[in-house]
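# Summary of structural features
This is what each chain is made of:
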Amino acid sequence: MHERWRVFPKVIRLGTATTEDVPQDRLDFYGRLVGDTCRGTVVVEQSQTIYLSIKQLRRSAWQVFERLIADVPRSAGSAEGTVVLVDLTLSPPEFISQTVAAYVGRAIGSLLLADPGRQALVMMPALDTGLQRSFRDSVGTDHPVQMLIRYEDGSEIRVSAEQVDDEPVRHPDPDFEERLRRLNQPIRDRLGGKILRRLGHFRFGTSEGHCTRYFFDASYAVQEVSHLTEDLVIEEERRSEGPLMLLSHHTHSPWLTEVGAAVAQRLGIAHFPLLSEGDLERVPDSGAALLLLDVVNTGNTIATLVKGLQRRGLTVRPTILAVFVEQERLSVGRTSFRKVVNQRAYQVRSIADPIQRLKRERGRCEQCLMGIPAMNPLDRQPGIRPFDMWEMLLAHDWVPEQYGPGNPHQTRGGPRWFPMVPNFRRVFKEYGDWIAYKLDEMLETVRISAAGVEEIVYVCPAEPAMDELINRLKARQEDRSVAVKIPRSILEDAERSDFEIPEEQMDVGWGRQLSLLAERDSYTVALIDEFNASNTTALSMLKVLEQFEIRPTAYLPVINRNPDSALRLPNGLEVTVCPLYEIPAPRSFGPPQLNNTGDR
């Protein structure tokens, strides 16, 4: 068994004109993918994409063979394994022709024949391309080598030179399919899913007469923001006659310094963070400066910075970049606006979509009138404030409870369903980014003993509202988290004392997920649900996990309506309950209800 694995990504982008660096989030994805099957330390090498232009696809598709076999060192003995990972999922399916697939199969065969210590994994759409046939033809039946193909739907097959038929290894995996879909979507689309709209009570920029309801945070989207910023800086470099320096300024957004440093490093230019007035003294007194801000509201900060840099002797470029620009500053359909400073016009360009922070005059702000002080957006405050929670719960009409413990028709004794509950599906759709962040924040407070464990497994009921919340959790965490969604029918069965999981459920879907998790211990498990009112569903989830010998770290209901109870199984297993908000209004229990004839 190898102690270490080196992964050499071969990312094929057909129909592009040149190569590109493979983004770090994609390399991280490959590392997690290989780590699922290869025990030991996984190191993914930096890489650039393999490209073939439209013209090359028509006339010289053979070049894909040469580019695939290039720069793959031989394996380093028994201590270190080598994985060649070929990724075709970024190429339009119509470009993956029989000819291209044949060269890919031949290249993989050549790599494995040259060094039997290598392993090969191919990621591709589910197409009938002849790739397997080409691989077998190039290897021959005398060599015991094989490759794995992981399709976009998460299913996997093993292709052996010695066997005519492919061997199924994995069933389709909706979680993998969703993670890959997010990874392959455009950077701007991914950015929208990772920007956090914090609820609270915040000062509005430098204004003393106004406050705001929301604070926008891109600390979980540094990679996406830096890539989009880099494209805009390159545009300015082309227009600049001399060297360009990048100057970043923020008040409550330390992530912006990371963005500036990353862009400057990749482009080989200087970066100077401007966090206070004294920082201007450390900036060169000549040259061209490009300003980068976290958020622009009134434009007063831009005027102050431009005047200070001009006094310093710098030429401020006519384009000023801001990650966030307030919607009221922009015309309909525009992402930039004109700002005049010292009789010179500057174009302020927004990197992310425009934001609406809901500015309020302090004399008309509900929170100011209630005496609620303004918050520091960088302070950590586990849980959700009452003002914020009730805004979310009352944002949409309530609905009859549709999913819950016990018997839905109340024909037997047990927990009673509520006649009306918040519309959690709509709540999670509108506020899910904030709630997902608060769940992660709460989980961090209880998993100190699991320091260094990055992988998170969320176990929840399989319900539409939880699907929406899980999607927000995954978007925030670059899909490092995994969701195990237990069907309500299984949870209802688990309410019985003699509950056992049906054998046919153990190897498919959620059962297979838990079976695989039971073989490892490098992860944190958390139970989550929209609300807890009787502990019944939570106990059912706990009993399911107990059958796989999996112990969760915590139970995180968004709302706990049963705050005075403990989550404990009869065998003594107890799990910490950490809600985001508590309302003492537990679910009632009772005998079966009477029908119209008086029968139960």
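Procedures and definitions
Throughout this document, residue positions are counted from 1 along each chain, in the order its sequence is written. Per-residue local features of the predicted model are confined to residues with pLDDT of at least 70, and side-chain atom pairs are confined, for both listing and counting, to 80 or more; whole-chain, interface and lining totals are unaffected and use all residues. Side-chain numbers here rest on the full set of heavy atoms in the structure, without hydrogens or water. Working definition: helices are DSSP H or I runs of at least four residues, strands are E runs of at least two. Numbering for both runs from the N terminus. The buried label applies to any residue whose accessible area, calculated with a 1.4 Å probe on protein chains only, is under 20% of its type's maximum; exposed applies above 50%, and partly exposed to all values in between. Here the positive residues are Lys and Arg and the negative ones are Asp and Glu; neither His nor the chain ends is included. By definition here, a salt bridge exists when the distance from a side-chain nitrogen of Lys or Arg to a carboxyl oxygen of Asp or Glu is within 4 Å. For a helix, the expected span equals 1.5 Å multiplied by the number of residues minus one. Any pair of nitrogen or oxygen atoms within 3.5 Å is treated as a polar contact; in protein, a donor-acceptor pairing is required on top of that, and neighbouring residues in sequence qualify only through side-chain atoms on both sides. Throughout, a residue-residue contact means that at least one pair of heavy atoms, one from each residue, lies within 4.5 Å. Detection works on a 1 Å grid of protein atoms alone, calling trapped sets that fit a 1.4 Å probe cavities and calling open sets with protein on both sides within 12 Å along at least five of seven lines pockets, with lining residues defined by an atom within 4 Å of a point. Grid points are joined across faces, edges and corners, and a volume is the space filled by probe spheres set on the points. Residue polarity is assigned by list, with Asp, Glu, Lys and Arg as charged and Ala, Val, Leu, Ile, Met, Phe, Trp, Tyr, Cys and Pro as nonpolar; anything else, Gly included, falls into the polar class. What we call a nonpolar core is a set of buried Ala, Val, Leu, Ile, Met, Phe, Trp, Tyr and Cys residues that are connected through their side-chain atoms within 4.5 Å. Like charges are joined within 9 Å and nonpolar side chains (Val, Leu, Ile, Met, Phe, Trp, Tyr) within 5 Å, but only among residues with over 30% relative accessible area and no salt bridge; these make up the patches. Each accessible area is a Shrake-Rupley estimate made with a 1.4 Å probe; only the visible protein chains count as cover when residues are assessed. In summary, the pairing rule links any two rings of Phe, Tyr or Trp, Trp by its six-membered ring, whose centres are within 6.5 Å, and it sorts them by plane angle into stacked for under 30 degrees, edge-to-face for over 60 and tilted for everything else. A ring is considered to have a charge above it if a Lys NZ or an Arg CZ atom is located within 6 Å of its centre and within 35 degrees of its normal. DSSP-based pairing: two strands are paired if at least 2 bridges between them are found. When two cysteine sulfur atoms lie within 2.5 Å, the pair is treated as a disulfide.

For the rest of this paragraph, the subject is the side chain of glutamate 530. Assignment of secondary structure puts glutamate 530 in strand β22 (residues 524-532). Buried and without a salt bridge, glutamate 530 has arginine 488 as its closest oppositely charged side chain, separated by 7.2 Å.

Moving on, we come to helix α1 (residues 24-35). Between its first and last C-alpha atoms α1 spans 16 Å; for twelve residues at 1.5 Å apiece the expected length is 16 Å, and the two agree. Where α1 is concerned, the buried positions are Asp25, Arg26, Leu27, Phe29, Tyr30, Gly31, Leu33 and Val34.

The next point concerns helix α8 (residues 222-239). Two residues of an α-helix separated by three or four positions point the same way, owing to the 3.6 residues in each turn. Look at α8: 26 Å from first C-alpha to last across 18 residues, which is about the 26 Å you get at 1.5 Å a residue. Turning to α8, its buried residues number three or more, namely Val222, Glu224, Val225, Ser226, Leu228, Thr229, Glu230, Leu232, Val233 and Glu236.

Mapped onto the fold, glutamate 80 is located in strand β4 (residues 80-87). Here the side chain of glutamate 80 touches arginine 4 through a polar contact of 2.2 Å, side chain to side chain. When residues no more than four places from it in sequence are discounted, the contact partners of glutamate 80 are His2, Arg4, Arg6 and Ser75.

This part takes up empty space enclosed by the protein. As enumerated under the stated definition, the model contains three cavities of 30 Å³ or more in all. Considering only enclosed or pocket space, the largest cavity measures out at about 110 Å³ in volume. Elements that contribute at least two residues to the lining of the largest cavity include exactly β22 and α17 (536-547). In terms of residue class, the lining of the largest cavity is made up of five nonpolar, six polar and six charged. For the second largest cavity, the calculated volume is near 50 Å³. In terms of lining residues, the second largest cavity is bounded by Phe215, Phe216, Ser253, Trp255, Asp294, Val295, Phe324, Ile355 and Arg357. Secondary structure elements with two or more residues in the lining of the second largest cavity: β10 (210-217) and β13 (288-296). Across the lining of the second largest cavity, the residue classes break down as six nonpolar, one polar and two charged.

It is worth spelling out unusual backbone geometry at this point. A positive phi is found at glutamine 343, a non-glycine position, where the angle reads about 65 degrees. Examined against the element boundaries, glutamine 343 turns out to sit in the loop between β16 (336-341) and β17 (344-350). Phi at asparagine 535 takes a positive value of approximately 75 degrees, unusual for a residue other than glycine. Summarising the element assignment, asparagine 535 is placed in the loop between β22 and α17. The exposure class of asparagine 535 is buried, given its relative accessible area of 5%.

Looking now at the nonpolar core. Ranked by internal contacts, the top residues of the largest apolar core, which has 67 residues, are Phe324, Met392, Phe428, Ile435 and Leu556. By residue number, the principal contributor to this core is helix α13 (residues 424-446), which donates eleven residues. Once you skip the residues sitting within four places of it in the chain, phenylalanine 324 turns out to touch Ile195, Phe216, Asp217, Ala218, Trp255, Asp294, Val295, Val296, Ser350, Ala352 and Ile355. Judged by nonpolar contacts, the second largest core, of 34 residues, contains Ala61, Val104, Leu111 and Ala120.

Our focus in this paragraph is a nonpolar patch on the surface. A surface patch of nonpolar side chains, about 380 Å² in accessible area, is lined by Trp390, Leu394, Trp398 and Met420. In this fold, tryptophan 390 is placed in helix α12 (residues 386-393).

A word on the packing of aromatic side chains. Two measures describe an aromatic ring pair: the distance that separates the ring centres and the angle between the ring planes. As enumerated under the stated definition, the model contains ten aromatic pairs in all. Among the aromatic residues, those joined into a cluster by ring pairs are Phe418, Phe424, Phe428 and Phe531. When the ring centre of phenylalanine 65 is taken as origin, the NZ or CZ atom of arginine 106, which lies over that ring, is 4.6 Å away. Lying over the aromatic face of phenylalanine 176, arginine 150 brings its terminal NZ or CZ to 4.6 Å of the ring centre.

Glancing now at the pairing of strand β12 (residues 270-273). Direction of pairing for strand β11 (residues 244-249) relative to β12: parallel, over a ladder of four bridges. Directly across from leucine 246, in β12, lies its bridge partner histidine 271.

Tracing the chain through its elements places serine 47 in the loop between β2 (41-44) and β3 (50-52). C-alpha separation for the pair serine 47 and proline 23, spaced 24 residues apart in sequence, amounts to 8.8 Å. Other than its neighbours up to four places away in sequence, serine 47 contacts Pro9, Glu20, Asp21 and Val22. A distance of 3.0 Å separates a polar atom in the side chain of serine 47 from the backbone oxygen of proline 9.

Here the focus is the environment of cysteine 365. Within the secondary structure, cysteine 365 sits in the loop between β18 (359-361) and α11 (366-369). Once the C-alpha coordinates of cysteine 365 and leucine 567 are considered, the two residues, 202 residues apart in sequence, prove to be 40 Å apart. Once residues lying within four places of it in the same chain are set aside, the contact partners of cysteine 365 are His201, Cys211 and Arg360.

What is meant by a disulfide is a covalent connection between two cysteines, made through their sulfur atoms. Enumeration according to the criterion identifies zero disulfides in this entry. Of all cysteine sulfurs, the one in cysteine 365 lies closest to cysteine 368, which takes part in no disulfide; the gap is 3.7 Å. With no disulfide of its own, cysteine 578 lies closest to cysteine 460 among cysteine sulfurs, the gap being 17 Å.

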